[in-house]
Amino acid sequence: MAAAKNKHAAGRDGGSVRHPPPPQQTLFPEDGVAVGDIQVPPLEPFAPIVMQWQKRAGRHHLPWQGTRDPYRIWLSEIMLQQTQVSAVIGYYQRFLERFPDIRSLAAASQDEVMPYWAGLGYYARARNLHRCAQEIIAHWNGSFPPTAEQISTLPGIGRSTAAAIAAFAYGERSPIMDGNVRRVFCRYFGIDGPTGKTSTEAELWETAERIVAAAPASLDMAAYTQGLMDLGATVCTRGMPDCAACPVNTHCIARQTGRQTELPVPRQKKAVPERHCSMLVLVREGQVLLEQRPSPGIWGGLWSLPQFDDAEALASACEAQGLPAANAQRMAGLLHVFTHFRLHIDPWLLQATVPVLQEAPAGKRWTPLDALDQAALPAPVRKILEGIVSTLR
DNA sequence: GACACGTGGAG
DNA sequence: TCTCCAAGTGT
C-alpha cells in the first residue's frame, strides 16, 4: 500500500501531479505561503472519509436511490449522463411509470419510447437504452451481467456508467469518473492538466483506481461512489466551493494553494458555427405534418417539422406538392443552441383550406394539434408548435 | 484525438 | 447576453 501511495504521490512520467516543492521555498512569496506546509494527500483514508460523510451529509432522497434494482439504477445513470439531476427527475418518474421493468421496455417499439425522452436531449441515449434492453432479454436471460466489465459491453454503457451500475447494484469496487469526480480529484490531488486530454483522463482514472485499491475491505462502495458525486455536486462545486464543509479539506492541494477556481483546467474551446434553416408548419384540419428525423443525426428518431435550408427551398417543395407557398406566413424566428453549433430557425405557417396531402408521404405523419403532448418533439419544435396552437385558438 | 450528440441552469 | 458545463458514449 505504501508503495502504491508513494508512486501516486510522486507523480508519473508525464503526469501532472507535482512533486511538492522543496521545503523553505515559497510558492507565492508575496503571500508568504510556506510550501513546506503543503502535504501530499494521503490515499488510504480518502474513501472511508467520503463514505462516512455521504452517510451523514450526502443526498439520500433522489428518486433512483434506495434501490438495488439494476434496471432502475441503469435508467437513472443513462438519463444523468451530461444532464443535471433537476432535469432528470420528472423524466425518470414518467419513464418508469410507462416502462416499469426491462421486459416492458424491450417489448416496446422505439416510437413508443422516444416520447418519454423528448426534451431531455442526447437521443442516442434513448435509442441505445432500447437496444440494450432487447439485448439483455435476448442474450443475458433478462438480467444485467454480473460485472462492470461485462456491463460495459452493452450499448450506451461506457466504463463509468458500467462501474456506477455495478457499484450501486452489486457493491463492486469499480470506480466511476464523471464531472463531479473529475472536479474533486483535480482539486484534491492538484491535477492540473486540461480535462478531456488523454493523459489527464488516464491520470484521473488511475487515481480513482488507487483510491479504491487503498481502501479497506469494509468500504461501502455504493456510499463511497454516491459520496464522491454528492461532494462534487453540493460542496466542491464549480463556482465557489464550500471548503469549510468539505470532509477532506485538510489535504486538498487546491485549497492549500488557493487554486480552487483554477482547477480543473478546462480544455480549450472551439468556435461554434452558425447554421440557418426554415421549417414548415403545415396545418390542415387541426393536424400538423411532422417528419421523422433520421438516426444517427441530430434529433434522430424524433418527429420534427419538415426542414429546409432556406425559404426558397421550402417554397419550391410546397409548390411541388401543389401547396400555395405564397400563403405561408413567416412566424417569429428563434435561435436554438447546440453543443457544437447554433441553429437559427425560421418557421413558416401554412394553413391549408382544402384537403392536401391526404396521404402523408413516407417518413411523415399527420399529428393532431391536441396530441402534441405525447409526441416525440425536439425542444425548439415544441416551442414553435405551442406558439402556433395558442395563436390558432 | 477529434468530433457528434441536446437542453437548461447557474453565475 | 454570454460562458460554462452537467451522474459520457460512440464513431
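Just so it is clear, the model here is predicted, and its values are computed rather than measured. (Residues numbered from 1 in each chain as written. Chains lettered and ligands numbered in written order. Predicted model: local features only at pLDDT ≥ 70, side-chain atom pairs only at ≥ 80, totals over all residues. Heavy atoms only, no water.)

(A) Quick peek at the domain arrangement of chain A. As assigned here, chain A comprises domain 1 (1-269) and domain 2 (274-392). The straight-line distance from the C-alpha centre of domain 1 to that of domain 2 is 40 Å. Of the residues lining the interface, nine residues belong to domain 1; the matching set on domain 2 comes to 14 residues. In total, about 760 Å² of surface goes out of reach between domain 1 and domain 2, with carbon and sulfur atoms giving 52% of it. The largest contributions to the domain 1 side of the interface with domain 2 come from Asp111, Tyr123 and Arg127, which together make up 50% of the buried area. Linking domain 1 with domain 2 are one salt bridge. Measuring nitrogen to oxygen at the nearest pair gives 3.7 Å for the salt bridge that ties Arg365 to Asp111. Where domain 1 packs against domain 2, one counts two residue pairs in polar contact (both at pLDDT 80 or more). (Domains from an automatic or database assignment. Contact = heavy atoms within 4.5 Å. Buried area = accessible area lost by both parts, 1.4 Å probe. Salt bridge = Lys/Arg side-chain N within 4 Å of Asp/Glu carboxyl O. Polar contact = N/O pair within 3.5 Å; in protein donor to acceptor, adjacent residues only side chain to side chain.)

(B) Layout of the packing of helix H2 (residues 46-57) against helix H12 (residues 221-234). Their axes nearest at 8 Å, the elements H2 and H12 cross at an angle of 75°. With respect to each other, H2 and H12 are oriented roughly perpendicular. Taken together, the residues of H12 that come into contact with H2 (itself represented by Phe46, Ala47, Val50, Met51, Trp53, Gln54 and Lys55) are Ala223, Tyr224, Gln226, Gly227, Leu228, Asp230, Leu231 and Thr234. Residues that form the contact of H2 with H12 fall into these classes: nine nonpolar, four polar and two charged. (Axes fitted to C-alpha atoms, helices over the stretch in contact; angles between N-to-C directions. Helix = DSSP H or I, 4+ residues; strand = E, 2+ residues; numbered from the N terminus. Parallel < 35°, antiparallel > 145°, perpendicular 65-115°, else oblique. Nonpolar A, V, L, I, M, F, W, Y, C, P; charged D, E, K, R; others polar.)

(C) Region of interest: the protein's contact with DNA strand B. Around DNA strand B, the structure places 23 residues, and the nearest of them are Tyr123, Thr198, Trp299, His336 and Thr339. Thr339 places a polar side-chain atom, nitrogen or oxygen, 2.5 Å from a base nitrogen of DNA strand B. At 3.1 Å from a phosphate oxygen of DNA strand B is found a side-chain nitrogen or oxygen belonging to His340. Those elements giving two or more residues to the surface near DNA strand B turn out to be strand S8 (334-337) and helix H15 (379-392). Here the surface near DNA strand B is built from residues that sort into 10 nonpolar, 10 polar and three charged. (Near = heavy atom within 4 Å.)

(D) Highlighting the UniProt feature "domain: HhH-GPD" (unreviewed entry) in chain A. Taking the UniProt record as the reference, the feature "domain: HhH-GPD" (unreviewed entry) is found at residues 79-234. For residues 79-234, the helix share is 63%, the strand share is 0%, and the end-to-end C-alpha distance is 20 Å. (UniProt positions renumbered as here; feature names shortened; annotations may be inferred.)

(E) Layout of the protein's contact with DNA strand C. Neighbouring residues of DNA strand C: 26 residues in total, closest Gln82, Gly156, Asp178, Asn180 and Lys269. Among atoms of DNA strand C positioned within 4 Å of the protein, sugar and phosphate together represent 66%. Within the contact set of DNA strand C, a phosphate oxygen lies 2.6 Å away from a side-chain nitrogen or oxygen of Asn180. Broken down by secondary-structure element, the contributors of at least two residues to the surface near DNA strand C are helix H9 (159-170), helix H10 (179-188) and H12. Considered class by class, the residues forming the surface near DNA strand C number nine nonpolar, 10 polar and seven charged.

(F) Representation of H12 within the structure. Taking 1.5 Å per residue as the helical rise, H12 with its 14 residues ought to reach 20 Å, and the 20 Å between its terminal C-alpha atoms agrees with that figure. In terms of residue burial, H12 counts as a mostly covered element, since 11 of its 14 residues are buried. All buried positions along H12 are accounted for by Met221, Ala223, Tyr224, Thr225, Gln226, Gly227, Leu228, Met229, Asp230, Leu231 and Gly232. The backbone nitrogen of Ala222 lies 3.1 Å from a side-chain oxygen of the residue at the head of H12, namely Asp220. (Expected span 1.5 Å × (residues − 1). Buried < 20%, exposed > 50% of the residue type's maximum accessible area, 1.4 Å probe, protein only.)

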